[in-house]
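In case you want the letters, here they are:
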Amino acid sequence: MSDDSTPGRKPRVTDEAILNVLRSSDDPVLSTAEVTEQLSIKRSATYKRLTALREDGRLEGKEIGGRNTVWWMPDDAGDG
């Protein structure tokens with residue numbers, strides 16, 4: 001998802017900033033809450049952005065029960 005492709009307000013956090021949270025983590029997967037802790041946006045906004053990145057193929061994710069989702073970089077994502 002390009003930051004300029006959606007109408008309305010420009011996001012306060014770029015897609016690259018979100019992806020960098022996952023790239024820079026020592027953990028292979030992060031929960032939505034863990035990603036949110038590193039960003040200046042709310043959990044619901046983080047979840048929407050992570051979901052959009054998954055739909056664009058830039059991120060992988062899996063619901064693990066309840067309202068919990070974990071996220072990771074695809075194997076073919078490389079370093080950027």
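Reference entry: report on the structure contained in this document. Fair warning: this is a prediction, and the values are worked out from it, not measured in the lab. Residue positions are given per chain, counting from 1 as you read along its sequence in written order. Local features in this predicted model are restricted to residues whose pLDDT is 70 or higher, and side-chain atom pairs enter the listing and the counts only when it is 80 or higher, whereas totals over whole chains, interfaces and linings include all residues. Side-chain calculation: all heavy atoms of the structure are included, whereas hydrogens and water are not.

**Digging into the side chain of Thr 69**
Going by this rule: Under the DSSP-based scheme used, a helix requires at least four consecutive residues in state H or I and a strand at least two consecutive residues in state E, with every element numbered from the N terminus. Think of it in three bands: residues with accessible area under 20% of the maximum for their type are buried, residues over 50% are exposed, and the middle band is partly exposed, with areas taken using a 1.4 Å probe on protein chains only. Contacts are assigned to residue pairs with any non-hydrogen atoms lying within 4.5 Å of each other.
With respect to the helices, strands and loops of the structure, Thr 69 is situated in strand β3 (residues 68-72). Take Thr 69: its relative accessible area is 3%, and that puts it in the buried class. Dropping the residues within four chain positions of it, Thr 69 is found in contact with Leu 30, Ser 31, Thr 32, Tyr 47, Lys 62, Glu 63 and Ile 64.

**Overview of the nonpolar core**
The nonpolar side chains of soluble globular proteins are, as a tendency, buried together. The condition that has to hold: Definition used in this section: a nonpolar core is a set of buried Ala, Val, Leu, Ile, Met, Phe, Trp, Tyr and Cys residues joined via side-chain atoms within 4.5 Å.
Counting 14 residues, the largest nonpolar core has Ile 18, Leu 22, Val 35, Leu 39, Leu 50 and Leu 59 as its most contacted members. Contributing elements (two or more residues each) for this core: α1 (15-23) and α3 (43-55). If you tally residues by element for this core, the top one is α1, at 4 residues. Each residue touching Ile 18, except ones within four places of it in the same chain, is listed here: Val 13, Leu 39, Arg 49, Leu 50 and Leu 53.

**Quick look at the sheet that holds strand β1 (residues 30-31)**
Under the convention used in this document: DSSP calls a pair of strands paired once it identifies at least 2 bridges connecting them. In this description, a line fitted to the C-alpha atoms serves as the axis of each element, helices being fitted only across the stretch in contact, and the angle between N-to-C directions of two axes falls anywhere from 0 to 180 degrees.
Overall, antiparallel pairing links the 3 strands, which are arranged β1-β3-β2 in an open sheet. Both outer strands of the open sheet, β1 and β2 (60-65), are each paired with one neighbouring strand and no more. Pairing between β1 and β3: 2 bridges, direction antiparallel. In the strand pairing of β3, Ser 31 is matched with Val 70. Contacting β2 and β3, α3 runs over the sheet at an angle of about 50° to β3.

**A few points about the side chain of Thr 36**
The line we're drawing: By the criterion applied in these results, polar contacts are pairs of N or O atoms within 3.5 Å in which, for protein atoms, one can donate a hydrogen and the other can accept it, and in which residues neighboring in sequence qualify only through two side-chain atoms.
Here Thr 36 shows up in helix α2 (residues 32-37). Overall, Thr 36 belongs to the buried group, its relative accessible area being 16%. At 3.2 Å, the side chain of Thr 36 forms a polar contact with the side chain of Thr 46. Sequence-distant contacts of Thr 36, defined by excluding residues within four places in its chain, comprise Ile 41, Lys 42, Arg 43 and Thr 46.

**Things to note about α1**
Operational definition: Note that the arc is defined by the directions from the helix axis to the C-beta atoms.
Taken as a whole, α1 has its buried residues at Asp 15, Ile 18, Leu 19, Val 21 and Leu 22. The buried residues of α1 occupy an angular sector of 145° when projected down its axis, which confines them to one face. Residues of α1 that are buried in the fold lie against β1, α2, α3 and β3.

This is a description of form; function is not addressed.
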